[in-house]
Amino acid sequence: MVDSGTGLCLTEGQLDERSAAATVQLRRRGVRAGDTVLICLTVGPDLLVATDAVIAAGGIVWPVPAELDEGRLRDRIMASRARLMISDLPRAMNAARESWVRMVVSVAELHSYPVSRERRTESDPTGRRTKGDCEGV
Amino acid sequence: MTPQVQHNLPAEPNRFVGRARDVAELCALVRGERVVTLSGVGGIGKTRLSLRVAASALPGFADGVWLVQLARVSDPELIVKEMADVLGVREEGSERLLDGLRIRLRGTRTLLLLDNCEHLVEPCAELVAGLLADCPELRFLLTSREPLRIPGELIWRVPPLDLPDERHPDAESVLFFVERAAAAGARAVTDSMPDVIRLCRALDGLPLALELAAARSSLLSPGRIADRIGDRFKLLTTGDRTAHARQRTLLATVEWSHDLLARKERVLLRRLSVFAGRFDLDLAEQVCADGDLLRRGEVLDVLSGLVDKSLVLHHGDGGRYHLLDTIRHYAAERLREAGEEARLRGGHLKVICAEMERCHEAGSLDSRLSWPARAVHFAKGRRLLDDCRAAIDWAVESGSAELGLRLAHAALTILAVRGDLRESVGWYERLLGLDLSGVPDQLIGVAKGGLAYGLETRDELDRAAALIEESIEEQRRHPYTQWLGVTYGVALTVFFRTGQTGTALRYLRELEVAAAEHDDLFNLTTARIARLNLALFQGQPRQAQRFGEEALALAMETGHHWTLARALTHLGAVAEARGDLEAAMRHHTAALPILEELDNRVELARCQAKVGRVAARSHDFPAARRSLAASLVLSTQTGRRSGVVRALVALSVLAQAEGDLDGAVVAAAAASALRESIGQHDAPARTQELLSLARDKLGEGRVALLWASGIAQDPGAVARRILDQKAGVGDVHEPANLLPSLPATPFVSSSGPAAREPRYATLTAREREIAGLLTEGLSNRAVAAQLVISPATVARHVANIMEKLGFGSRAQIAVWAAEHGLDHR
């Protein structure tokens with residue numbers, strides 16, 4: 001998979017690896033079989049990882065285009081009645097304000113490897129993003 | 001054995017409806033994540049949900065779940081104080097309370113629930129982040145309209161209750177409304193379910209709004225309530241349509257409920273907003289009745305009306321009331337609007353001052369009442385503390401120096417019994433900075449003495465010395481009061497501590513004359529104890545003994561238990577100095593129950609350490625272990641390092657008495673290192689004696705080695721080593737390990753990493769198969785092709801394996817599978 005915006009690419013192995021870790025993160029936040037999960041991300045590798053992870057966790061993917069304005073986003077978020085949303089967009093976070101969304105998971109949190117439950121939160125997970133692993137390939 | 005979990009969670013006032021899955025999920029999150037913040041608008045039910053989660057999470061926290069309510073805390077400085085109060089951490093000399101909290105919480109598996117952080121987001125963020133860094137097993141659950149935004153915080157947005165739709169007419173919000181309406185005595189609400197559903201939707205499923213509506217449902221049908229609130233929305237619907245819908249709904253509902261009140265109810269509700277903490281009927285009558293709009297005799301009826309309408313909450317315990325935060329803010333606005341704020345807050349200051357002075361006098365030093373009769377007044381005074389703070393704030397704001405100083409003085413004497421004086425320093429500094437013209441000189445003198453008292457406990461001796469002289473000078477011009485005696489007592493401490501023995505002796509003589517002349521037994525006891533200390537210091541144990549006996553006789557006559565405990569512990573010290581261990585033991589053990597009753601845990605820890613030391617010297621080793629373990633736990637729980645130092649020194653005595661010189665040296669070294677870390681550098685003579693003895697027996701090199709190891713070790717580990725030694729030679733009846741009977745603490749802990757459950761669970765056959773394939777480096781798609789299943793299914797299995805084994809990547813599975821022979825199919 002190639003990100004047309006940045007030219008970065010993601011191999012199948014990396015995709016499997018990342019979505020497996022992301023699945024564990026989603027499960028830890030309570031996602032169960034049959035749950036609707038909102039995904040509001042721009043098109044790219046993160047979107048693919050998130051989608052795979054939701055499916056692997058047994059969830060139902062409810063994608064929301066990142067380009068929508070706040071009002072439209074709000075309507076779709078309300079309609080989904082989802083408990084969890086994957087997004088980095090401030091607009092989407094605001095739109096989810098008065099919905100049934102309990103937790104908003106950022107891409108960085110999705111990628112933070114749950115190596116050790118105890119130590120994971122000590123360091124900011126944003127440091128662990130490994131986007132661009134195969135830069136230049 | 002199942003240790004009893006400690007907590008301070010209140011009983012639920014009524015049935016908790018709905019949110020079952022949320023509670024279960026949050027319970028799991030609270031165990032795994034370090035900070036979970038429940039965020040959302042006022043009235044959405046954050047507090048109630050957090051209490052429910054905290055109660056359900058109790059079994060996961062061996063060292064307790066503690067609720068700290070911050071709604072009534074206005075000063076950021078007081079957050080730490082509030083936490084310390086809840087956790088039983090006491091202040092100590094110049095050490096910061098925060099250090100005490102760290103000692104108390106380090107290594108414990110504790111959940112702290114901080115309720116209502118929104119007005120203190122920044123200080124809370126700083127405090128929480130700091131404590132998390134120091135206490136690896138500590139967890140936080142917070143409620144706040146705004147999240148703290150610190151690393152590692154999991155923000156959980158509390159949604160409203162589920163709304164009904166065609167398929168689910170019995171949604172949470174409907175069940176909640178019906179339940180509360182029935183509790184309010186409404187009969188027929190279920191007859192018109194479509195109206196109930198309409199109302200729940202109109203109120204956005206907000207629990208507080210539903211609660212207020214249900215409280216009216218015995219008089220108004222759900223349909224009419226929905227109509228009326230709908231009309232109100234139209235009035236409110238100006239400007240931003242969507243941004244804060246829930247806030248608007250809540251405001252509309254509160255306003256609607258308020259407007260339905262009778263005139264007197266409105267008057268009372270807005271006036272009740274001046275109370276910072278819980279109040280009882282008597283206080284409400286004194287502060288809110290004016291003989292015009294609202295007469296005293298009417299307050300009870302009107303208050304009951306407000307309780308029925310769910311605007312005021314009533315607590316069964318002691319008939320106390322309080323306002324929910326959202327309601328209190330609304331009511332405070334109405335108070336300002338009515339132009340009554342200054343008058344009411346002024347009245348509140350007056351009433352609280354009078355109440356506190358009554359508590360002070362009734363519990364005070366000169367009456368010869370029985371102790372239990374007096375303790376009631378101390379307890380009552382402490383319950384007024386929140387309102388006392390608010391009243392002092394108003395005194396400063398409105399320049400009412402005289403009332404403020406009177407209140408501070410009355411409150412100080414009540415705080416002193418438990419040894420909490422730090423906060424009063426701030427009160428006095430602010431109040432004495434006001435324009436004092438018109439304030440009686442005597443009161444200013446008294447206040448300076450109070451400030452000096454607080455400063456002395458903070459080790460600010462120079463400032464204290466200057467103030468205390470001014471205070472005595474001023475008070476001497478007026479008739480003798482007991483406070484003058486107390487001020488003399490503070491002066492003795494200050495001047496003995498600064499080495500100005502001449503000045504101290506002069507004050508001591510003045511105190512003796514004045515207290516004797518006015519039959520002030522309490523302060524006569526203080527004087528005798530000062531004489532006792534002086535005699536001991538000068539190496540005259542016999543004289544010390546005489547002063548001690550006199551002090552004890554006086555203390556018994558006053559019936560003031562605090563004085564009694566002081567006399568007893570000093571007599572014990574004298575007996576020990578004279579080598580009469582039996583008498584020392586008798587005096588110290590007599591003081592224990594008194595200190596327990598006073599809840600003065602700092603003194604109790606000191607006393608237990610003394611009992612332990614005496615028992616060790618009398619070769620009653622099991623008793624020594626019991627007392628020293630208890631002392632150590634108390635000092636750790638109250639977060640006082642000087643207490644831990646004292647226990648370590650006593651443990652060193654114990655080890656030496658048992659012939660364990662190694663242990664004695666290590667414990668003395670650990671004590672010495674800890675003592676230096678809190679800025680005390682005076683090494684006791686005993687350490688030198690011990691070291692020279694040890695050098696003779698063990699040799700210079702070995703002692704140096706032991707000393708170095710003691711300095712480097714964790715004090716808790718050192719203490720544990722001595723406490724865990726076979727329980728005294730020649731006593732086989734005593735259990736070898738005394739520690740499990742104690743609450744787990746950082747120093748004496750049996751819990752800890754054990755709480756981390758191994759996530760080992762057997763893999764299914766399919767999972768083992770897939771784990772094996774991963775060793776070959778296959779992708780999900782390739783594995784799927786081999787097993788003839790979908791890639792999504794493979795991904796799910798992989799996630800399951802990672803969860804079961806606690807792994808963070810597929811590569812880890814491959815390594816694990818290879819190590820366990822799963823690759824040889």
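Residues numbered from 1 in each chain as written. Chains lettered and ligands numbered in written order. Predicted model: local features only at pLDDT ≥ 70, side-chain atom pairs only at ≥ 80, totals over all residues. Heavy atoms only, no water.

Enquirer: Explain the nonpolar core to me, please; I cannot follow it from the model alone.
Expert: Ranked by size, the top nonpolar core spans 189 residues in total, and within it Ile-86 of chain A together with Trp-156, Phe-177 and Leu-272 of chain B carry the most contacts. Counting residues per element, this core draws most heavily on helix H18 (residues 401-416) of chain B, which supplies eleven residues. Each residue touching Ile-86 of chain A, except ones within four places of it in the same chain, is listed here: Leu-26, Val-37, Leu-38, Ile-39, Cys-40, Leu-41, Ala-50, Val-54, Val-105 and Leu-110 of chain A. With 35 residues, the next largest nonpolar core counts Ala-623, Val-644, Ala-647 and Ala-667 of chain B among its residues. (Core = buried A, V, L, I, M, F, W, Y, C linked by side-chain atoms within 4.5 Å. Buried < 20%, exposed > 50% of the residue type's maximum accessible area, 1.4 Å probe, protein only. Helix = DSSP H or I, 4+ residues; strand = E, 2+ residues; numbered from the N terminus. Contact = heavy atoms within 4.5 Å.)

Enquirer: Can you help me understand unusual backbone geometry in this one?
Expert: The phi angle of most residues is negative, glycine excepted, and most peptide bonds adopt the trans form. Residues and elements named next belong to chain B. In this structure, Asn-116 is a non-glycine residue whose phi angle is positive, near 65°. Its place among the elements puts Asn-116 in the loop between strand E3 (111-115) and helix H5 (121-134). We classify Asn-116 as buried; its relative accessible area is 12%. The backbone of His-619 shows a phi angle near 60°, a positive value even though the residue is not glycine. Turning to its location among the elements, His-619 is positioned in the loop between helix H28 (601-617) and helix H29 (621-637).

Enquirer: Teacher, can you tell me more about the interface of chain A and chain B here?
Expert: With 37 residues of chain A at the interface, the matching set in chain B holds 45 residues. For the pair chain A and chain B, the two sides together bury roughly 3800 Å², of which 44% comes from carbon and sulfur. The tally of links between chain A and chain B comes to eight salt bridges. Applying the counting criterion to the chain A and chain B interface returns 19 residue pairs in polar contact (both at pLDDT 80 or more). Of all the secondary structure elements, the ones that give two or more residues to the side of chain A that touches chain B are helix H1 (12-28), helix H2 (45-56) and strand E4 (103-105) of chain A. Sorting elements by how many residues they give to the side of chain A that touches chain B places H1 of chain A first, with nine residues. Here the side of chain A that touches chain B is built from residues that sort into 14 nonpolar, five polar and 18 charged. (Buried area = accessible area lost by both parts, 1.4 Å probe. Salt bridge = Lys/Arg side-chain N within 4 Å of Asp/Glu carboxyl O. Polar contact = N/O pair within 3.5 Å; in protein donor to acceptor, adjacent residues only side chain to side chain. Nonpolar A, V, L, I, M, F, W, Y, C, P; charged D, E, K, R; others polar.)

Enquirer: Explanation requested: the state of the cysteines in the structure shown.
Expert: By definition, a disulfide is the covalent link that joins the sulfur atoms of two cysteine residues. Residue and element names in this part refer to chain B. Within this structure, the stated rule accounts for zero disulfides over all chains. Sulfur of Cys-117: no disulfide; nearest cysteine sulfur belongs to Cys-124 and is 4.0 Å away. Judged by relative accessible area, Cys-117 falls into the buried class, the value being 0%. (Disulfide = S-S within 2.5 Å.)

Enquirer: What exactly am I supposed to notice about the pairing of strand E2 (residues 60-63) of chain A here?
Expert: Two faces make up the sheet, and in a regular strand the side chains alternate between them. Residues and elements named next belong to chain A. Direction of pairing for strand E1 (residues 36-40) relative to E2: parallel, over a ladder of four bridges. Following the sheet pairing, Val-37 is matched in E2 by Val-61. At this point the chain moves from E1, through H2, to the parallel E2, and the crossover so formed is right-handed. (Pairing = 2+ DSSP bridges. Right-handed = clockwise from strand over helix to strand, strands pointing away.)

Enquirer: Please clarify how the sheet that holds strand E3 (residues 84-87) of chain A should be interpreted in this entry.
Expert: Strand pairing in a sheet relies on backbone hydrogen bonds. The paired strands run either parallel or antiparallel. Residues and elements named next belong to chain A. Reading across from one edge, E2-E1-E3-E4 is the order of the four strands in this open sheet, with parallel pairing throughout. Every other strand in the sheet has two partners, leaving E2 and E4 as the edge strands with one partner each. Looking at each pair of strands side by side, their axes are set apart by 30° on average, direction ignored. Where H2 meets the sheet, it contacts E1, E2 and E3, and its direction lies at approximately 180° from that of E1. Set on the sheet, helix H3 (residues 70-80) makes contact with E1, E2 and E3; between it and E1 the angle comes to about 160°. (Axes fitted to C-alpha atoms, helices over the stretch in contact; angles between N-to-C directions.)

Enquirer: Is there a simple way to think about the packing of helix H15 (residues 341-363) of chain B against helix H17 (residues 385-398) of chain B in this case?
Expert: Residues and elements named next belong to chain B. Two elements in contact, H15 and H17, have axes separated by 9 Å at closest approach and are oriented at 125°. The orientation of H15 relative to H17 falls into the category oblique. When you trace H15 past H17, the crossing you get is left-handed. Contact residues: Ala-342, Arg-345, Gly-346, His-348, Leu-349, Ile-352 and Met-356 in H15; Asp-387, Cys-388, Ala-390, Ala-391, Asp-393, Trp-394, Ala-395 and Glu-397 in H17. Of the residues belonging to the contact of H15 with H17, the class tally is nine nonpolar, two polar and four charged. (Parallel < 35°, antiparallel > 145°, perpendicular 65-115°, else oblique. Left-handed = near helix turned anticlockwise from the far one by under 90°.)

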